[in-house]
Amino acid sequence: MPVKKPAIVSALPKARSGIRGLDEITGGGLPRGRPTLVCGGAGAGKTLFAVEFLVRGIEMGEPGVFMAFEETAEELAQNVASLGFDLEHLSAQKRLLVDFVRVERTEIEETGDYDLEGLFVRLGHAIDTIGAKRVVLDTIESLFAGLSNTTLLRAELRRLFRWLKDRRMTAVVTAERGAGVLTRSGLEEFVSDCVILLDHRVTDQVSTRRLRVVKYRGSAHGTNEYPFLVDDSGFSVLPITSLGLQHRASAKRVSTGIPRLDSMLGGGYFQGSTVLVSGAAGSGKTSVAARFIQASCVRGERCLFFAFEESPQQLARNMRSIGMDLGRWRKRGLLRLESARPAVYGLETHLAFMHRTIREFRPAAVLVDPITDFTTALDDNKAMLTRLIDFLKMEGITAVFTSLTSAGEQVEQSEGGVSSLIDTWIVLRDVERDGRRSRAICVLKSRGMQHSHDIREFRITKRGIEIGEDQPGLPDSPAKVRIRKLPGIPARKGAKR
């Protein structure tokens, strides 16, 4: 007898949300034809999330209906205009319909025959008017503000969600977060097919926004907390689980911008690798790292410079003193400078902003100066760097980070928490001898390449950075550094020739 094959169950159909990062976390988007509950406290971004869900859907050819219970159409349009969304224009094109439903709590009577039939008629008419495929209800508490009967409330919630499913509406329903539960009623999350929690927390007077997919029936999804950003470009979520050790490793070399450093590394950095330049204050970290940015711009490559201690104008002035004209490359569109104080945003917000800026500008090289300004907590710092480094490697971007070490610290120990993530580690040191201070440079490690182990003197001049000659067998101790004559620079008195 022929064996009957089991029926193949098709995958859950999904609708792309259009929100950057969210579709990656959810494995393709929100459940198509089903409701999604978006909950969170005041100011978490629920309404902005819902508006972007509708606007991005319209851009993909899916008209939408926004039914508001707290804001009028005019108020809503004004509130989201700062994100670049023109709701009035979309409404005039018959691709969006915003309907404000006024619900007075005093008018809600808790009776046995209470139902949402009037809402269904009104919502159905709005859907048919523009042929909507997406629906937003903002916020659900307004409909049941006067009801305390949980049995009746749950029955009406189920009825509402079943009505949306029967109409095959991809819906987003927003709800306020309750005490100890996801929503005030504590029931909406149980009847929803997908639940997304938005959290706006403040730690040490710094705010951070995070998103978590609490529940997604019929689909695998990321379960971690993901930082998200709300700015003039809308919503952007930073996915974490999608990053990993799957990037390609290029054998192509790119110049460091310093010829002698290129020779120490056997030809420069590997393209798409990560480089750490560490040292004490005043050792020349920014100058060494900026030479790489200069060299990349000379090659015609786009570069992105994240500065957390100096303004763009200050950086341009300081780099001119050592022969670099950053303003020239900014005018040509090859260099973009982004400056901000680390304390302005939370750690995760900085990370989300950097991801979004990198995706928009598409640079070949990125400089972060310095990474130590983000946090003093090593675990948080390392977690952030892991996400950022994985992302840069996936994009094939060569990245240089600078890191400050305190005077007198053993740099190998103080950087031990992040050094394992780095491909090439360059250490800058201050050398004191005969009542004079000088600078020294060495390559502590460089994966996949033969490199010099010498400690060499270098000088920062108006012509740039000049590194001394090879000194094979030089002891590692900074106190015993021997200096040879630099090209075009007289040797100091007492230096060996």
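Look above for the structure.
Residues numbered from 1 in each chain as written. Predicted model: local features only at pLDDT ≥ 70, side-chain atom pairs only at ≥ 80, totals over all residues. Heavy atoms only, no water.

**Q** What should I look at first to understand the pattern of salt bridges in this one?
**A** Two side chains with opposite charge may pair up if their charged atoms get near one another. Evaluated as defined, the whole model comprises 26 salt bridges. With a shortest N-O distance of 3.7 Å, Asp193 and Arg217 are connected by a salt bridge. Of the two residues, Asp193 is situated in the loop between α7 (188–191) and β8 (194–203) and Arg217 in the loop between β9 (206–216) and β10 (226–231); the sequence distance between them amounts to 24 residues. Arg217 sits in the partly exposed class, given a relative accessible area of 35%. A salt bridge links Arg201 to Glu225; the shortest N-O distance between them is 2.7 Å. Here the residue Arg201 occupies a position in strand β8, and Glu225 occupies one in the loop between β9 and β10, the gap between them amounting to 24 residues. Residue class for Glu225 comes out partly exposed when judged on its relative accessible area of 33%. One salt-bridge network, held together by shared partners, links Arg34, Lys165, Asp193 and Arg217. (Salt bridge = Lys/Arg side-chain N within 4 Å of Asp/Glu carboxyl O. Helix = DSSP H or I, 4+ residues; strand = E, 2+ residues; numbered from the N terminus. Buried < 20%, exposed > 50% of the residue type's maximum accessible area, 1.4 Å probe, protein only.)

**Q** In this structure, what is going on with the nonpolar core? I would like to understand it.
**A** Nonpolar side chains tend toward joint burial in soluble globular proteins. Within the largest apolar cluster, 38 residues are counted, with the highest numbers of intra-cluster contacts made by Leu261 and Tyr269. Looking at which element gives the most residues to this core, the answer is helix α9 (residues 285–298), with six residues. When neighbours within four sequence positions are excluded, Leu261 is seen to be in contact with Thr256, Tyr269, Val288, Ile426, Ile441, Val443 and Ile467. With 37 residues, the next largest nonpolar core counts Leu22, Val136, Val213 and Val237 among its residues. (Core = buried A, V, L, I, M, F, W, Y, C linked by side-chain atoms within 4.5 Å. Contact = heavy atoms within 4.5 Å.)

**Q** In this structure, what is going on with the sheet that holds strand β19 (residues 424–433)? I would like to understand it.
**A** The pairing of strands in a sheet happens through backbone hydrogen bonds and is either parallel or antiparallel. Within the open sheet, the nine strands sit side by side as β16-β15-β17-β18-β14-β19-β20-β21-β22. Their pairing is mixed. For this open sheet the edge positions go to β16 (335–339) and β22 (464–467), each flanked by a neighbour on one side alone. Between one strand axis and the next, the sheet turns by 20° as a mean value, whatever way the strands run. With 10 bridges joining them, β19 and strand β20 (residues 436–446) adopt antiparallel strand pairing. (Pairing = 2+ DSSP bridges. Axes fitted to C-alpha atoms, helices over the stretch in contact; angles between N-to-C directions.)

**Q** I keep staring at the packing of aromatic side chains and nothing clicks. Help me out?
**A** When we look at a pair of aromatic rings, we describe it by the centre distance and by the angle of the planes. With the rule as written, the count across this model stands at four aromatic pairs. When the centroid spacing of 4.9 Å and the interplanar angle of 10° are considered together, the rings of Phe228 and Phe235 count as stacked. Residue Phe228 is classed as buried on the basis of its relative accessible area, which comes to 1%. According to the relative accessible area criterion, Phe235 is buried, its value standing at 1%. (Phe/Tyr/Trp six-rings, centres within 6.5 Å; stacked < 30°, edge-to-face > 60°.)

**Q** Please explain unusual backbone geometry as it appears in this structure.
**A** The bulk of non-glycine residues show a negative phi, and the bulk of peptide bonds are trans. For the bond from Asp138 to Thr139, the omega torsion is -10°, close enough to zero to count as cis. Tracing the sequence through the fold places Thr139 in the loop between β6 (134–138) and α6 (150–166). That bond from Asp369 to Pro370 is cis: its omega, -15°, falls within 30 degrees of zero. Examined against the element boundaries, Pro370 turns out to sit in the loop between β17 (365–369) and α13 (378–394). Positive phi, close to 55°, is recorded for Arg168, a residue that is not glycine. Structurally, Arg168 is set in the loop between α6 and β7 (170–176).

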